[in-house]
Amino acid sequence: MTQEITEEQLRHLREDLLDSMDEEFELELDDRLLDGQSAGPGDAQNRMTYFRELLRLQSELVMLQDWVVKTGHRMVILFEGRDAAGKGGVIKRITQRLNPRVCRVAALPAPNDREKTQWYFQRYISHLPAAGEIVLFDRSWYNRAGVEKVMGFCNDSEYEEFFRSVPEFEKMLVRSGIQLVKYWFSITDDEQHARFLGRIHDPLKQWKLSPMDLESRRRWEDYTHAKEIMIERTHIPEAPWWVVQAVDKKKARLNCIDHLLSQVPYHEVAHTQVELPGRVRNPDYIRHPVPAEMIVPEKY
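Here the structure is a predicted model, which means the values were calculated and not measured.

Caption draft 1: Summary view of the sheet that holds strand E4 (residues 178–186). Strand order in the open sheet formed by 5 strands is E2-E3-E1-E4-E5, with parallel pairing between adjacent strands. The open sheet has two free edges, formed respectively by strand E2 (103–106) and strand E5 (241–245), since each of these has just one partner strand. Direction aside, neighbouring strands of the sheet carry axes that sit 25° apart on average. For strand E1 (residues 74–81) and strand E3 (residues 133–138), the ladder comprises 6 bridges, and the chain directions are parallel. Within E3, the residue paired with Ile77 across the bridge is Leu136. Contacts from helix H3 (residues 87–95) reach E1, E2, E3 and E4 within the one sheet, and its direction differs from that of E1 by about 155°. Contacts from helix H9 (residues 220–234) reach E4 and E5 within the one sheet, and its direction differs from that of E4 by about 155°.

Caption draft 2: Summary view of unusual backbone geometry. Not every positive phi belongs to a glycine, and Ala84 is a case in point at roughly 70°. The residue Ala84 is located in the loop between E1 and H3 in this model.

Caption draft 3: The environment of Val243, seen in detail. Within the secondary structure layout, Val243 lies in strand E5. Considered as a pair, Val243 and Ser186 are 57 residues apart in the sequence and their alpha carbons are 6.7 Å apart.

Caption draft 4: Structural detail: the packing of helix H7 (residues 189–201) against helix H8 (residues 211–218). Between H7 and H8, the least distance of the axes is 11 Å, while the angle of their chain directions is 145°. As H7 packs across H8, the resulting crossing turns out to be left-handed. Every residue of H8 that contacts H7 at Asp189, Gln192, His193 and Phe196 is listed here: Asp213, Ser216 and Arg217. For the contact of H7 with H8, a count of residues per class yields 1 nonpolar, 3 polar and 3 charged.

Caption draft 5: Quick peek at the pairing of E1. Counting buried residues in E1 gives 7 out of 8 residues, a clear majority hidden from the surface. With 8 bridges connecting them, E1 and E4 associate as parallel partners. Bridge pairing in E4 links Gly81 to Phe185.

Caption draft 6: Structural detail: the nonpolar core. The biggest cluster of nonpolar side chains holds 34 residues, and the ones touching the most others in it are Leu64, Ile77, Phe79, Ile94, Leu136, Tyr183 and Phe185. Only helix H2 (43–71), E1, H3, E3, E4 and helix H10 (249–262) provide two or more residues apiece to this core. It is H2 that provides the largest number of residues to this core, a total of 8 residues. Among all residues touching Ile94, those that are not within four sequence positions of it are Leu61, Phe79, Leu136, Ile257 and Leu260. If you look at the next biggest cluster of nonpolar residues, it comprises 26 residues, including Phe137, Tyr142, Ala145 and Leu180.

Caption draft 7: Here's a closer look at the packing of H3 against H10. The geometry of H3 relative to H10 is characterised by a closest axis approach of 10 Å and an angle of 55° between their N-to-C directions. Taken together, the axes of H3 and H10 lie oblique to each other. Note on packing geometry: the crossing formed by H3 with H10 is right-handed. On the side of H3, the interface is formed by Gly89, Val90, Arg93 and Ile94, while H10 contributes Ala252, Arg253, Cys256, Ile257 and Leu260. When grouped by side-chain class, the residues that make up the contact of H3 with H10 number 6 nonpolar, 1 polar and 2 charged.

Caption draft 8: Local environment of the packing of aromatic side chains. Applying the stated criterion across every chain, the model contains 18 aromatic pairs. For the ring pair Tyr159 and Phe163, a centre distance of 4.9 Å and an interplane angle of 80° mean the geometry is edge-to-face. On the criterion of helical spacing, the pair formed by Tyr159 and Phe163 is a turn pair, its members being 4 residues apart in helix H6 (residues 156–175). Look at Phe163 and you get buried, because its relative accessible area is 4%. Taking 5.4 Å as the distance between ring centres and 70° as the angle between the ring planes, the aromatic pair formed by Phe162 and Phe163 counts as edge-to-face. Across from the ring centre of Trp220, 3.4 Å away, lies the NZ or CZ of Arg82, which sits over that ring.

Caption draft 9: Examining the pattern of salt bridges more closely. Applying the stated criterion across every chain, the model contains 15 salt bridges. Put simply, Glu170 and Lys182 hold a salt bridge, and the shortest N to O gap is 2.9 Å. Of this pair, Glu170 sits in helix H6 while Lys182 sits in strand E4, placing them 12 residues apart in sequence. According to the relative accessible area criterion, Lys182 is buried, its value standing at 0%.

How each quantity is defined
Residues numbered from 1 in each chain as written. Predicted model: local features only at pLDDT ≥ 70, side-chain atom pairs only at ≥ 80, totals over all residues. Heavy atoms only, no water. Pairing = 2+ DSSP bridges. Helix = DSSP H or I, 4+ residues; strand = E, 2+ residues; numbered from the N terminus. Axes fitted to C-alpha atoms, helices over the stretch in contact; angles between N-to-C directions. Contact = heavy atoms within 4.5 Å. Left-handed = near helix turned anticlockwise from the far one by under 90°. Nonpolar A, V, L, I, M, F, W, Y, C, P; charged D, E, K, R; others polar. Buried < 20%, exposed > 50% of the residue type's maximum accessible area, 1.4 Å probe, protein only. Core = buried A, V, L, I, M, F, W, Y, C linked by side-chain atoms within 4.5 Å. Parallel < 35°, antiparallel > 145°, perpendicular 65-115°, else oblique. Phe/Tyr/Trp six-rings, centres within 6.5 Å; stacked < 30°, edge-to-face > 60°. Lys NZ or Arg CZ within 6 Å of the ring centre and 35° of its normal. Salt bridge = Lys/Arg side-chain N within 4 Å of Asp/Glu carboxyl O.

What follows is the structure in structure tokens.
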């Protein structure tokens, strides 16, 4: 039996939808206004197209999530690219509407002294998904092929051993039933320079800049060479690389999510109709007032 929705309940549903759009708008403000970009001709229409497509893709991601849970699918998605390439922005939009118990992000810090003595892949293994889970790696084991190589954090022997091991490691993951998708976010030299300047002059983004990030600007060509070698030696049929053109942040987000969805044979999962039970009311129940000193001041 279908439950009737009152006008008041319908109003709340509309407000929830607007709140969801506002949440995305807040992220968009962070990307555009704080970077000093101004609205140009057709900007409002472009933003509406972007929001509409993003919400549509996010609804598909929810459908994908339901299918993953239903089928016990296991999925790992790697996000690699230069500093300020927009990996974090895409990850935010993917996870924004999803259940964090199903879809989680692994962003590992630099290895500690104990981890440095482990097998290189060991600390990543504990983050791999169980049945019905998706794990997004915000940088991954490919640190060895990029940052560690360029900055001298690994020696030549460790570097070569990585390239011998990683194809076999990824083939093992795929054979075990884990779907592995690898993205490289590509931006130009000028675009990274502009984004770094935006972070330097924006107090809300300065935390994103580390000494390592600043050094990466000086070593742009070294990182380019390392990236070319990495893709050449680890682009395997079982786990190919996919390159996302990321100079335009909005297009990169939409293109990446759309492509990700195309990699999974998901479909809509049937759900049993949810019936909201009536609340049990006890005539003897008396609600105690909250002490005034415990209430958060309503400044807004």
